[in-house]
Amino acid sequence: MSNVAGLFNYWVVIFLMMAGFFVVISQGNLVKKIIGLSLFQASAFILYISIGHVSGGEVPIYVEGSNLYSNPLPHVLILTAIVVSVSTTAVGLAIIIRIKETYNTVEEDEIQIIDNRKDDEDEPVEEEHPAEQKEDQS
Amino acid sequence: MDIALLAMLCVTAIAAIRIRDLFAVTMLFGIYSFLTATFFLSLDAIDVAFTEAAVGAGITTVLMLATLRLTGRYERKPKHNIFIPLIVVSITGAALVYGTLDAPLLGDPNAPAQQHVSPRYIEESPKEIGIPNMVTSVLASYRGYDTLGETFVIFCAGLAVIIILGIQDSGEVHPGRSAIGDQLVLRVVVKVLLPFILLFALYVQLHGDYGAGGGFQAGIIFASGFILYDLVFGEGDARLIVPPNFLKRLAALGVLLYAGVGLYSLFNGKAFLDYSALSDNPTSAQHIGIFLVELGVGITVFSVALTIFFAFSGRAQITVKTDRRPPL
Amino acid sequence: MSVVDHLPILIIIIPLIAAPLCVLFDSAKVSWLLALAACIFSFIGSIKLLNTITASGPISYSLGGWQPPWGIEYRLDLLSIILLLLLTSIASLVVLFARYSVEQEISKNRIVPFYATLLLAIAGLSGICISGDVFNLFVFLEISSIASYTLISLGKDRRALNAAFKYLVMGTIGATFILIGIGFLYMQTGTLNMQDLSERLPSLYDNRTIRAGFAFLTVGICLKLALFPLHLWLPNAYAYAPSVVSAFLAATATKVAVYMLLRFLLTVFDFNFSLNTMPLDVILIALGSVAIVSSSLVAIFQVNLKRLLAYSSIAQLGYISLSIGLASKLGIASAIIHLFNHALMKGALFLALGAMIYKVGGAELKHCQGMLKRMPLTSLAIIIGGLSLIGIPGTAGFISKWYMINASLEAGLWPLALLILFGSLLAIIYVWKMVEAITLQPSTSTATAPLTRDEAPLTMLVPIWALVIANIYYGINTELTVSLAQRAANILVGGY
């Protein structure tokens, strides 16, 4: 009985991870995909932190007299992972903004239709550079 | 308490899947992030909670909102079937559950993860490194090279946004005219709050040895002060104070500072990032090393966060106001 | 303590800090010079390290002065140095090539951040090959990945944006799977150091957490490897990225993914567990075979040459996966040989296409008309590269195919040997398509460009032909590649 209770935490986290994963692979809207990706990753972080938790332990900051602390190593790993996740999200969102400007949509299937039409015309489509002369000023 | 948090997380996640108003989904994501941070708190991970709240709930939500402003609020009704994704998700979930069957129970102090490597961090770091915060010890010293890599990840993201969106002046900035209209109350409040925000950021930067904090959180908070100023006082006002070209050089300097500490050790015959090259007294060597690298991290995080904000907001100004295709 | 002792870290750090230095100086010319200098430094350093390793065995370097497993360890064995040599040499050649290519394909104010991002990609990939700590590997994987997404999005064709986005989503899923795998391993062993893990894991092979961790790691890496059916991101990413980026990624990124696979399967876990206990041998052979046949077939119907070569790459990775799945020392060795040779082939081909784009403006079949007269050196490079892809004797490609067929026969699986030959047949078709377009089709009188000789600039020709000559050289003088690969395979399969 206690076995299941101890594992229950993990299973709920797994459910959360799969919810995020499901959003990524099933939704067509690009922004929603990124949100799902973030959800997926955030839940994976909960899993990691759960690994390092010690019942009855203190926060891993040294205090006189304390003996039992939670494990600081997973915390360090997840700090790094959070930063990596946000960086990826920022880059993904930036690409989405450019896609919106170029295709005027952020729905996956609409983009596919526009591209297929262009494929039939057999022309590589270049982005317009309307104000290139302005770019020289730094 | 944990069960309540988990339940709320589940509800939020399910709602995020079903709702098609992306603005609402983003808000739900912010809530989810906040709940996650609270959950981290209950698991004794205070540094992680702090970072998740600032970075996850804070920056990510802001960026998503900025994106939505340009891409549209509603999601179209999905046409494709959900059969295959469901299967993939079920298999993955089953594999994960399978993996937990032999897992140690939550909170077990004798679990393998708590043995072997971590006890040294816990027992020795207050003496070896000389600071109480074990997470900072591991982050900035024992595994300092990972943190250097992470700082480069941030730098890379800054470069990416510069490449993809550009941070050139749109020429359409209106200093003195706020994006949200003239709100006297907001202006007064922000004027009062701003110095405290910046001071708090400085405190977090320096106090990371003793409590939760450090370069990442400090950099974000410092940047958020500027972002707040820009939002309330005038589009582009912050750009006049901190021009984007200066910012990108500042980001480079932050990351070079961190690597520079490592190289200094090399030139003194020690291994890369071995802080003992910085002083004869081992613990003060650690203190100096950690202070310098955290400073490098804070500088880079601040610069990149602000750069990304400028890039996103600069795009929004042009497209929304003039319908002109922005220059690349 | 001399520079030599610190070479393991300097090889990574010099390109790494060259990136912010580019940003500081903010000049296209200086960025190019910095990038070139950094890559050449790392290349020379790698050669020096190769000598050390072949003479006295693996090198270990403790970062921060902390002993592993409490600190992060850099561990260089023969496989690592083979990849580093490949990476740094290709990086140097690609940067040399980039001088004129980027001026044309990338808008002016993005050239400096381009070089900085390219340097980060190089440093990230190198860091993966050298790391002896699984989480450190993950961090550098993410550096190289984010850099790659950005570089791909720089392509002139607007489809580059969607390609970069798809790669971002799939790549991040793969990275998260790898993270989960690492977490499961940590959960049961308490360590992140590869050597340490390899000592602690054997007693835990029946543990379900470890098995699940193994599965997640493998799937995550296979995503990066573009193993069928996880290859969907590759064709568009290679086709629409700037030429320099396509060449660089095609020759390096997936090879590093193969390195990760070998490192995890054979060093962290061991040969027996990965390929016999877990059914990975059957899976790799099956998926590899499907990749070879299906991707080669799709390549035949492509009009865009970059896309054709991209599908060809997926097929080649199928060959490599199949060889690993053979679960033998010869199989692993032949996989390493093909890894090396394929990088040379595809590097040369993509760079040659890049030269074509620079002069003619595009890389579709119709752009090839009259190429032989206009750009004879470039055309010849494409032809030789194509021959190597097929596996004609005298080229490096032949050597790889030879060893792979031998490995299949040694394992008693002669149908696979037939499959490899069949793959070469398919390759003949799509290579012939390219060669025919270049040589035999008469240029139409409506061609916009004149038929006079207008060869690519020297900074482009030198890297292209360096790789082409390498193709021929390693096709004739096989001693270096084969002996190194076999030694590496023996170490990986047998012991540390």
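Definitions and limits used
Residues numbered from 1 in each chain as written. Chains lettered and ligands numbered in written order. Predicted model: local features only at pLDDT ≥ 70, side-chain atom pairs only at ≥ 80, totals over all residues. Contact = placed C-beta atoms within 7 Å. Helix = DSSP H or I, 4+ residues; strand = E, 2+ residues; numbered from the N terminus. Nonpolar A, V, L, I, M, F, W, Y, C, P; charged D, E, K, R; others polar. Axes fitted to C-alpha atoms, helices over the stretch in contact; angles between N-to-C directions. Parallel < 35°, antiparallel > 145°, perpendicular 65-115°, else oblique. Left-handed = near helix turned anticlockwise from the far one by under 90°. pLDDT = per-residue confidence, 0-100.

**Quick notes on the interface of chain A and chain B**
Point 1. Counting residues at the interface gives 78 residues for chain A, matched by 89 residues for chain B.
Point 2. Of all elements in the fold, only α1 (2–26), α2 (30–52) and α3 (72–103) of chain A reach the threshold of two or more residues within the side of chain A that touches chain B.
Point 3. Ranked by residue count, the leading element in the side of chain A that touches chain B is α3(A), at 23 residues.
Point 4. Residues belonging to the side of chain A that touches chain B are distributed by class as follows: 47 nonpolar, 21 polar and 10 charged.

**Digging into the interface of chain A and chain C**
Interfaces are often sized by the amount of accessible area the parts lose when they come together.
Point 1. Counting residues at the interface gives 33 residues for chain A, matched by 29 residues for chain C.
Point 2. If you list the elements that add at least two residues to the side of chain A that touches chain C, you get α2, α3 and α4 (108–121) of chain A.
Point 3. Along the lines of polarity and charge, the residues of the side of chain A that touches chain C split into 18 nonpolar, 7 polar and 8 charged.

**Looking at the environment of I178(C)**
Point 1. Considering the arrangement of structural elements, one finds I178(C) in helix α6 (residues 159–189).
Point 2. Residues I178(C) and L217(C), 39 residues apart in the sequence, show an inter-C-alpha distance of 4.6 Å.

**A short note on the environment of L154(C)**
Point 1. Summarising the element assignment, L154(C) is placed in the loop between α5 (134–153) and α6.
Point 2. A C-alpha to C-alpha distance of 8.8 Å links L154(C) and Y240(C), two positions 86 residues apart in sequence.
Point 3. Not counting residues up to four positions away in its chain, the partners in contact with L154(C) are I163(B), I106(C), R110(C), F114(C), A160(C), P242(C) and V245(C).

**Points about the packing of helix α4 (residues 111–130) of chain C against helix α10 (residues 243–268) of chain C**
All names here are of chain C.
Point 1. In the contact formed by α4 and α10, the axes pass within 10 Å of each other and the chain directions differ by 20°. Taken together, the axes of α4 and α10 lie roughly parallel to each other. Crossing handedness for the pair α4 and α10: left-handed. Seen from α4, the contacting residues are L125, I128 and C129; seen from α10, they are T252, A253, V256, Y259 and M260.
Point 2. The residue inventory of the contact of α4 with α10, partitioned by class, reads 7 nonpolar, 1 polar and no charged.

**What about the confidence of the model for chain B?**
Point 1. Of all residues in chain B, 89% have pLDDT values of 70 or greater, and the mean over the chain is 84.
Point 2. No element of chain B has a lower mean pLDDT than helix α10 (residues 237–241) of chain B, which averages 76, and none a higher one than helix α7 (residues 144–165) of chain B, which averages 94.

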